[in-house]
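# Structural overview
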Amino acid sequence: MADGTFAVLTLALGLLDMGSNYCPTGSCLGPNEVDSRMSFSLGETYFQDDPFGTEFYVRRDTSLAYGPFQVIYGLSLTDDNDGWIGVGQSWDTTFGAGYLEFHAMPGLYVQGNGVDLGGPIEFRSGVELGYEARNGMRIGLGYDHRSNAGIYDSNMGLETVHLRVSIPTN
């Protein structure tokens, strides 16, 4: 269903934002403080375009960003006892009460009774579209892709369609 497109979009949109809004101030990738969040999501996983199981995902969006790239980390578990943990970055933009976010995260995958993704190093990237309330709470629908980017002989991918709730922690 997907590939590394979301990772490329995260980088491309972040670089465009950086060139327009961060470099003119002399701080292209300088550290800055942003809103931190704790997120919880529940979603359906898909393997080879077929529903496969359920995933629970917890993500922390830290208050640290380098230019437009916010530092994030996450942990997921499936009902097949598969686990994934990773660290990466996100880029987002808001429009009215809505938001759009892309993220990319390298991580480690532990196969339980689920899908063989080819090896322990797996990259997670995705997109989320949602609503942000005045108090900063977000609810969004997301789509994530996980694969090993071809570093192993087998590069099977796993997708997740999820509903995420994010709570500000500032």
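Just above, that's the structure.
To keep things clear, this report deals only with the structure shown in the data block.

Here is what the cut-offs are and how they apply
- Residues numbered from 1 in each chain as written.
- Predicted model: local features only at pLDDT ≥ 70, side-chain atom pairs only at ≥ 80, totals over all residues.
- Heavy atoms only, no water.
- Salt bridge = Lys/Arg side-chain N within 4 Å of Asp/Glu carboxyl O.
- Helix = DSSP H or I, 4+ residues; strand = E, 2+ residues; numbered from the N terminus.
- Buried < 20%, exposed > 50% of the residue type's maximum accessible area, 1.4 Å probe, protein only.
- Disulfide = S-S within 2.5 Å.
- Phe/Tyr/Trp six-rings, centres within 6.5 Å; stacked < 30°, edge-to-face > 60°.
- Lys NZ or Arg CZ within 6 Å of the ring centre and 35° of its normal.
- Expected span 1.5 Å × (residues − 1).
- Arc of directions from axis to C-beta.
- Contact = heavy atoms within 4.5 Å.
- Core = buried A, V, L, I, M, F, W, Y, C linked by side-chain atoms within 4.5 Å.
- 1 Å grid on protein atoms, 1.4 Å probe; cavity = no way out; pocket = protein on both sides within 12 Å on 5 of 7 lines; lining within 4 Å.
- Points joined across faces, edges and corners; volume = space filled by probe spheres on them.
- Nonpolar A, V, L, I, M, F, W, Y, C, P; charged D, E, K, R; others polar.

### Quick notes on the pattern of salt bridges
Side chains carrying opposite charge are able to pair once their charged atoms draw close together. Within the structure shown, the criterion is met by nine salt bridges. Where Arg 124 meets Glu 55, a salt bridge forms, and the shortest distance between an N and an O atom there is 2.9 Å. On the criterion of sequence distance, the pair formed by Arg 124 in strand E7 (residues 121-132) and Glu 55 in strand E3 (residues 50-66) is long-range, its members being 69 residues apart. Here Arg 124 and Glu 55 have matching classes, each one buried. Measuring nitrogen to oxygen at the nearest pair gives 2.8 Å for the salt bridge that ties Arg 59 to Asp 61. This pair shows no difference in class: Arg 59 is buried, exactly as Asp 61 is. Each of Arg 37, Asp 92, Glu 132 and Arg 138 takes part in salt bridges that share partners, so that together they form one network.

### A word on the state of the cysteines
One pass over the structure, following the stated rule, counts one disulfide. Here Cys 23 pairs with Cys 28 through a disulfide, and the sulfurs are 1.9 Å apart. Between Cys 23 and Cys 28, the S-S torsion sits near 135°, and that sign places the bridge as right-handed. Here Cys 23 falls in the partly exposed class, since its relative accessible area comes to 28%.

### What to know about the packing of aromatic side chains
Applying the stated criterion across every chain yields a total of two aromatic pairs. Summarising the aromatic geometry, the rings of Phe 47 and Phe 52 are spaced 6.1 Å apart at their centres and angled 65° between planes, so their arrangement reads as edge-to-face. Take Phe 52: its relative accessible area is 38%, and that puts it in the partly exposed class. Its guanidinium or amino end placed over the ring of Tyr 57, Arg 124 lies 4.0 Å from that ring's centre, counting from NZ or CZ. Above the ring of Trp 84, the side-chain terminus of Arg 124 is found at 5.4 Å from the ring centroid.

### Description of helix H1 (residues 5-22)
Taking 1.5 Å per residue, 18 residues should reach 26 Å; H1 reaches 24 Å between its end C-alpha atoms and fits that length. Along H1, the residues classified as buried are Phe 6, Thr 10, Gly 14, Asp 17 and Met 18. Within H1, the buried residues cover an arc of 105° as seen down the axis, which keeps them to one side. Exposed side chains of H1 directed beyond 90 degrees from the buried face belong to Val 8, Leu 16 and Ser 20. In this structure, the buried side of H1 is in contact with strand E4 (69-78), strand E5 (83-95), strand E6 (98-110), E7 and strand E8 (138-147).

### Re the nonpolar core
Among the nonpolar cores identified, the biggest contains nine residues, and these are Phe 47, Tyr 57, Ile 72, Trp 84, Met 105, Tyr 109, Val 115, Leu 117 and Leu 158. Those residues in contact with Ile 72, other than ones at most four positions away along the chain, are Arg 59, Arg 60, Asp 61, Gly 86, Val 87, Gly 88, Gln 89, Ser 90, His 103 and Met 105.

### Some points on the layout of surface pockets
Approximately 240 Å³ is the volume attributed to the largest pocket. Every residue lining the largest pocket is counted, 17 residues in all, and those nearest its centre are Val 34, Asp 35, Gln 70, Asp 92 and Arg 138. Where the lining of the largest pocket is concerned, the elements lending two or more residues are H1, E4 and E5. Tallied by class, residues from the lining of the largest pocket come to six nonpolar, five polar and six charged.

### A closer look at the environment of Phe 102
Its location among the elements puts Phe 102 in strand E6. On the basis of relative accessible area, Phe 102 is assigned to the buried category, the value being 7%. Discounting chain neighbours no more than four positions away, the residues touching Phe 102 are Phe 6, Leu 9, Thr 10, Leu 13, Gln 89, Ser 90, Trp 91, Gly 126 and Val 127.

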